[in-house]
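Report on the structure
So you can see what is in the structure, the chains are spelled out below.
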Amino acid sequence: SSLAKGSKSFLRAKNNARIRAIIRKQAQINGVKLYGVANRGNHFHLLVLPRSRKAYLKFVRAITGLIARLVTGAE
């Protein structure tokens, strides 16, 4: 997002640590093998191997919602 600047940047130390924890936890929950994560401040590059299409979709939906809630402070 072009709005991911300042306090909403994914590179901010507080956000970065929490986002990586979200990604790791959701990968484990949804059966997705996580090989790499690259944080670019306003987006991520993920190298993953899901066990199924369904697992991948659950993983992506979970991390996008949780990251958005974390960064914006929404409930």
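Going by the structure above, here's the rest.
Here is a short report on the structure shown in this document. (Residues numbered from 1 in each chain as written. Predicted model: local features only at pLDDT ≥ 70, side-chain atom pairs only at ≥ 80, totals over all residues. Heavy atoms only, no water.)

With respect to the pairing of strand β2 (residues 44-50)
- Across seven bridges, the pairing between strand β1 (residues 32-39) and β2 is antiparallel. If you follow N39 over to β2, its bridge partner there is F44.
- Counted along the chain from β1 to the antiparallel partner β2, the turn is four residues long, and its residue G41 has a positive phi close to 90 degrees. (Pairing = 2+ DSSP bridges. Helix = DSSP H or I, 4+ residues; strand = E, 2+ residues; numbered from the N terminus.)

Regarding a nonpolar patch on the surface
- On the surface, a cluster of nonpolar side chains totalling about 340 Å² of accessible area is made up of Y35, L47 and L49.
- Mapped onto the fold, L47 is located in strand β2. (Patch = residues over 30% accessible without salt bridge, like charges linked within 9 Å, V, L, I, M, F, W, Y side chains within 5 Å. Areas by Shrake-Rupley, 256 points an atom, 1.4 Å probe, with all protein chains shown as cover. Salt bridge = Lys/Arg side-chain N within 4 Å of Asp/Glu carboxyl O.)

Don't take any of this as a statement about function, it's just geometry.
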